[in-house]
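# Secondary and tertiary structure notes
Residues per chain are reported as follows:
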Amino acid sequence: MAGDPIEGQILLLTAAKASVTPTQLPDLVDLAQERLAADRERYRREYERLYEGDGVEAFAVETGHWAELGTELGMSDRERAAVERAHEEQLLRIGRRTDREDELETALEIREPVLIGTGE
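Residues numbered from 1 in each chain as written. Predicted model: local features only at pLDDT ≥ 70, side-chain atom pairs only at ≥ 80, totals over all residues. Heavy atoms only, no water.

### Details of helix α4 (residues 65-72)
Turning to α4, its buried residues number three or more, namely H65, W66, L69 and G70. All buried residues of α4 lie within an arc of 125° about the axis, which places them on one face of the element. Of the exposed residues in α4, the ones pointing more than 90 degrees away from its buried face are E68 and T71. Looking at the buried positions of α4, the neighbouring elements they touch are α2 (24-38), α3 (40-46), β2 (56-61), α5 (77-97) and β3 (112-117). Where α4 ends, the next residue or the one after it, G74, has phi of about 75°, a positive value. (Buried < 20%, exposed > 50% of the residue type's maximum accessible area, 1.4 Å probe, protein only. Helix = DSSP H or I, 4+ residues; strand = E, 2+ residues; numbered from the N terminus. Arc of directions from axis to C-beta. Contact = heavy atoms within 4.5 Å.)

### Describing the pairing of β3
Counting buried positions along β3 yields 6 of 6 residues, so the element is predominantly enclosed. Taken together, the 6 bridges between β2 and β3 define a ladder with antiparallel strand orientation. By the bridge assignment, F59 is partnered in β3 with V114. (Pairing = 2+ DSSP bridges.)

### Regarding the packing of helix α1 (residues 8-18) against α5
As a packed pair, α1 and α5 sit with axes 9 Å apart at the nearest point and diverge in direction by 140°. The pairing of α1 with α5 is recorded here as oblique in orientation. In terms of crossing hand, the pair formed by α1 and α5 is right-handed. Of the residues in α5, those in contact with Q9, I10, T14, K17 and A18 of α1 are R78, A82, R85, A86, E89, Q90 and R93. (Axes fitted to C-alpha atoms, helices over the stretch in contact; angles between N-to-C directions. Parallel < 35°, antiparallel > 145°, perpendicular 65-115°, else oblique. Left-handed = near helix turned anticlockwise from the far one by under 90°.)

### With respect to the sheet that holds strand β1 (residues 48-53)
Strand order in the open sheet formed by 3 strands is β1-β2-β3, with antiparallel pairing between adjacent strands. The open sheet terminates on both sides in strands that have one partner only, identified here as β1 and β3. If you compare each strand with its neighbour and ignore which way they point, the axes differ by 20° on average. Relative to β2, β1 runs antiparallel, the two being bridged by 5 bridges. Counted as the bridge partner of E52 is E57 from β2.

Following this line, the structure appears as structure tokens:
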């Protein structure tokens, strides 16, 4: 998986900002993806899908979702914050590519992003 669905450049930039190693972050993202992918249908039923395409689905979840997920996965606060930031940065990149940056930034003011790779 190597960090899918987060792009390599996003992983590098996020790792630098979050004080985790560039080799550690893809593994953390993969760990989160295993859990997220297992619950993809639940995310589809319970949360607003912000984007679908390019091998990824993006959802807006409640604030605190990543804190809970990070605890479940045994991540430190720094590790969890890095994974959450990677998801946020990837969603903003999608927003720039699709001319929806303002809309997605507004969504992130009140909710957290979850991106789940679709394997496509």
